[in-house]
Amino acid sequence: MLTARRGLATGIDYATLALPLGLLAGIVALRRSRSTAADRPPLSSARVRLIVAAGATLPLSCSLAAAEASGGSPGKRLLGFTVSDDTTDEAPTYPQALARTLLKTALPWELGHQAVWEFRADHTRRGAVLAAGAYAAIGWQAVAIARGARQTYPDRVAGTRVRKS
């Protein structure tokens, strides 16, 4: 049951991050539908990749880290978990929470996005490697939780742990 609750908490966190991205995508689509192709400057895929990473993934990860530094993300709080420093049982510092969030969320998120771009460009080998990396990053966390491990790899690196409140 604990495994399912932690998985659900992660799902809530991912949905929380996806909501602003969905709104942003809707605004961009609306603006694009109202302009002609001549009005839009061409963007290279490399530039778009950087814009998405710097303009969406990093700010959203920083926001999630701020929530984690105050004791837990929205999903964890909703389901009765907290994040704490592994040695002091206090709320983690922001750098700890950021390291944890970057490994837990931003790494698989960006690997997945980059895989999609590679598949769209018909670079299936690169896309497959990136997609495998995203699945491995998520799978490694899921296996640790399912085994009842005290920490996932992001927790070990950041020096944090998740516990019931």
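Just above, that's the structure.
Given the structure is predicted, the values throughout are model-derived calculations rather than measurements. (Residues numbered from 1 in each chain as written. Predicted model: local features only at pLDDT ≥ 70, side-chain atom pairs only at ≥ 80, totals over all residues. Heavy atoms only, no water.)

**Student:** I'm lost on unusual backbone geometry in this one. Help?
**Tutor:** Comment: phi is negative for the bulk of residues other than glycine, and the bulk of peptide bonds are trans. If you check the backbone angles, Asp 89 has positive phi at about 65 degrees while not being a glycine. Mapping Asp 89 onto the fold places it in the loop between strand E1 (81-85) and helix H4 (94-120). Taking the relative accessible area as the measure of exposure, Asp 89 reaches 38% and is therefore partly exposed. Backbone geometry at Asp 122 places phi at a positive 60 degrees, although glycine is not the residue there. Structurally, Asp 122 is set in the loop between H4 and helix H5 (124-146). For Asp 122, a relative accessible area of 66% translates into the label exposed. (Helix = DSSP H or I, 4+ residues; strand = E, 2+ residues; numbered from the N terminus. Buried < 20%, exposed > 50% of the residue type's maximum accessible area, 1.4 Å probe, protein only.)

**Student:** Hey, could you run me through the environment of Ser 63 in this one?
**Tutor:** On the secondary structure map, Ser 63 appears in helix H2 (residues 45-69). Distance from Ser 63 to Thr 101, taken between C-alpha atoms, is 9.5 Å for residues 38 residues apart in sequence.

**Student:** Help me understand the packing of aromatic side chains, please; the structure alone is not making it clear to me.
**Tutor:** Each aromatic ring pair is specified by the distance between its two centres and by the angle formed by the two planes. In the structure shown here, the tally under the stated rule is two aromatic pairs. With a centroid separation of 4.5 Å and an interplanar angle of 20 degrees, the aromatic rings of Trp 140 and Tyr 153 are classed as stacked. Of this pair, Trp 140 sits in helix H5 while Tyr 153 sits in helix H6 (residues 153-158), and the two are 13 residues apart along the sequence. By relative accessible area, which is 56% here, Trp 140 ends up exposed. According to the relative accessible area criterion, Tyr 153 is buried, its value standing at 13%. (Phe/Tyr/Trp six-rings, centres within 6.5 Å; stacked < 30°, edge-to-face > 60°.)

**Student:** Teacher, can you tell me more about the pattern of salt bridges here?
**Tutor:** When their charged atoms lie close together, side chains carrying opposite charge are able to pair. Counted according to the given criterion, the structure contains 10 salt bridges. Among the ionic pairs, Asp 13 bridges to Lys 76, the shortest N-O distance being 3.6 Å. Separated by 63 residues along the polypeptide, Asp 13 in helix H1 (residues 2-33) and Lys 76 in helix H3 (residues 74-78) bring together distant segments of the chain. For the pair shown, Asp 13 and Lys 76 are each scored as buried. (Salt bridge = Lys/Arg side-chain N within 4 Å of Asp/Glu carboxyl O.)

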